[in-house]
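Coordinate analysis (summary)
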Amino acid sequence: MTKTKEEIFTHTKQVLNELFELDESLITPEARLYEDLDIDSIDAVDMLIELKKFTGSNISPEHFKEAKTLQDIVDTVHQI
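Description of the structure in this document. Counting restarts for each chain, with residues numbered from 1 along the sequence as it is written. Where local features are concerned, this predicted model is filtered to residues with pLDDT of at least 70; where side-chain atom pairs are given and counted, the filter is 80 or more; whole-chain, interface and lining totals use all residues. The side-chain values count all of the structure's non-hydrogen atoms but skip hydrogen atoms and water molecules.

Points about unusual backbone geometry
With glycine set apart, most residues show a phi of negative sign, and most peptide bonds adopt trans. In this structure, Glu21 takes a positive phi of about 50° despite not being glycine. Tracing the sequence through the fold places Glu21 in the loop between helix H1 (5–20) and helix H2 (41–55). Burial status follows relative accessibility: with a 1.4 Å probe on protein chains alone, a residue under 20% of its type maximum counts as buried, one over 50% as exposed, and anything between as partly exposed. Judged by relative accessible area, Glu21 falls into the exposed class, the value being 70%. With a phi angle near 55°, Asp38 is a residue other than glycine that sits in the positive phi range. Secondary structure elements are taken from DSSP: a helix is a run of H or I of four residues or more, a strand is a run of E of two residues or more, and numbering for both begins at the N terminus. Position of Asp38 relative to the elements: it lies in the loop between H1 and H2.

Put into structure tokens, the structure is as follows:
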């Protein structure tokens, strides 16, 4: 079953809060992954693993080469 963008965002926000202890107020669609959320490449892989489990989709790091914001992640996951 395809997840909505809202469901993907909500789950991603929960993952970022739980795994990386990020303040929920920082986790917005416009938040830049590296600059605002301080997500490094290892963190990004952990986040992708959680998104794969959540969506059941075959998500690879290649899908996210151009992702700069959390909304980019949500849009990409929704398209897969």
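Resuming the write-up.
Focus on the pattern of salt bridges
Every case where a carboxyl oxygen of Asp or Glu lies within 4 Å of a side-chain nitrogen of Lys or Arg is listed as a salt bridge. For the structure shown, the criterion picks out four salt bridges. Among the ionic pairs, Asp75 bridges to Lys5, the shortest N-O distance being 3.1 Å. On the criterion of sequence distance, the pair formed by Asp75 in helix H3 (residues 70–79) and Lys5 in helix H1 is long-range, its members being 70 residues apart. In this structure Lys5 comes out as partly exposed when scored by relative accessible area, which is 39%. With a closest N to O distance of 3.1 Å, Glu62 and Lys65 form a salt bridge. Among the residues examined, Glu62 registers a relative accessible area of 55% and is labelled exposed.

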